[in-house]
Amino acid sequence: MTPQEQIELHLLHVLVEDTPDYYEFCYYFPFKYLMRATGLDREIVRGFMRSMRDRRLVEYGRGFNEDGEVAGGGYTLAPQGKIYHRTLREKLRADQIAARGLAERAARPLGTEYG
């Protein structure tokens, strides 16, 4: 998994996990929330979110308060982003399994590689 994919996974994971079920695809997160949740600085969050928006993985929109007034803007997960998030999680899992296998092989005494 590339460093870029790791950051995208981290940001998408926030959108997936922190969106209430009944607001799927319409709950908008501002930069400050994404920065706080990921520990990334504003320019990194902005660049990655814009890139993912251009690839239709997330959507930018305005959020509204309970009175129906505009309460700022932010990003929400797009349907394609949910699929991409799942793909990245599977890729991460495969990388972890492969790394664990290599570590186990490296820990074996010499001459026992095949036994």
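Below, the structure is looked at part by part.

About the thresholds
- Residues numbered from 1 in each chain as written.
- Predicted model: local features only at pLDDT ≥ 70, side-chain atom pairs only at ≥ 80, totals over all residues.
- Heavy atoms only, no water.
- Helix = DSSP H or I, 4+ residues; strand = E, 2+ residues; numbered from the N terminus.
- Contact = heavy atoms within 4.5 Å.
- Axes fitted to C-alpha atoms, helices over the stretch in contact; angles between N-to-C directions.
- Parallel < 35°, antiparallel > 145°, perpendicular 65-115°, else oblique.
- Core = buried A, V, L, I, M, F, W, Y, C linked by side-chain atoms within 4.5 Å.
- Buried < 20%, exposed > 50% of the residue type's maximum accessible area, 1.4 Å probe, protein only.
- Phe/Tyr/Trp six-rings, centres within 6.5 Å; stacked < 30°, edge-to-face > 60°.
- Expected span 1.5 Å × (residues − 1).
- Polar contact = N/O pair within 3.5 Å; in protein donor to acceptor, adjacent residues only side chain to side chain.
- Salt bridge = Lys/Arg side-chain N within 4 Å of Asp/Glu carboxyl O.

### As for the overall build of the chain
- If you tally the helices and strands in the chain, you get four helices and two strands.
- Counting from the amino terminus, helix and strand elements in the chain follow one another as α-α-α-β-β-α.
- In the chain, once contacts between residues fewer than 6 apart in sequence are set aside, the share between residues at least 24 apart is 58%.

### What about the packing of helix 1 (residues 3-18) against helix 2 (residues 31-38)?
- Relative to each other, helix 1 and helix 2 sit at 105 degrees, their axes nearing to 10 Å. Here helix 1 lies roughly perpendicular to helix 2, going by the angle between them. Note on element contacts: helix 2 touches helix 1 through Tyr33, Leu34, Ala37 and Thr38, opposite His10, Leu11, Val14, Leu15 and Asp18.

### Re the nonpolar core
- Core analysis: the largest hydrophobic core is formed by 19 residues, its most contacted members being Leu11, Leu12, Leu15, Leu34 and Met49.
- Broken down by secondary-structure element, the contributors of at least two residues to this core are helix 1, helix 2, helix 3 (42-54), strand 2 (70-77) and helix 4 (79-107).
- With five residues, the single largest contributor to this core is helix 1.
- With sequence-adjacent residues up to four places away left out, Leu12 is seen in contact with Met52, Val58, Leu77, Gly81, Tyr84, His85 and Leu88.

### Observations concerning the packing of aromatic side chains
- Taken as a whole, this structure holds three aromatic pairs when the rule is applied.
- When the ring of Phe29 is compared with that of Tyr33, the centres are 4.9 Å apart and the planes differ by 40 degrees; the resulting orientation is tilted.
- Taking the relative accessible area as the measure of exposure, Tyr33 reaches 29% and is therefore partly exposed.
- Taking the centre distance of 5.8 Å and the plane angle of 55 degrees together, the rings of Phe31 and Tyr75 count as tilted.

### Considering helix 3
- When the terminal C-alpha atoms of helix 3 are compared, their 18 Å separation across 13 residues agrees well with the 18 Å that a helix rising 1.5 Å per residue should span.
- When helix 3 is considered as a whole, its buried residues turn out to be Val45, Arg46, Phe48, Met49 and Met52.
- Of the residues that open helix 3, the one with a side-chain oxygen 3.2 Å from the backbone nitrogen of Glu43 is Asp41.
- Positive backbone phi, at 65 degrees, marks Arg56, one or two positions downstream of helix 3.

### So, the environment of Glu59
- Relative to the assigned elements, Glu59 resides in strand 1 (residues 58-64).
- A relative accessible area of 39% means that Glu59 is categorised as partly exposed.
- For the pair Glu59 and Met49, spaced 10 residues apart in sequence, the C-alpha separation works out to 8.9 Å.
- Sequence-distant contacts of Glu59, defined by excluding residues within four places in its chain, comprise Tyr28, Gly74, Tyr75, Thr76 and Ala78.

### Quick notes on the pattern of salt bridges
- Following the criterion strictly, the structure yields four salt bridges and no others.
- For Glu8, the salt bridge goes to Arg55, with nearest N and O atoms at 2.9 Å. Residue Glu8 is located in helix 1, and its partner Arg55 is located in the loop between helix 3 and strand 1; the two are separated by 47 residues in the primary sequence.
- For Glu8, a relative accessible area of 1% corresponds to the buried category.
- Here Arg55 falls in the partly exposed class, since its relative accessible area comes to 36%.
- Notably, a salt bridge pairs Asp54 with Arg53, separated by 3.1 Å at the nearest N-O pair.

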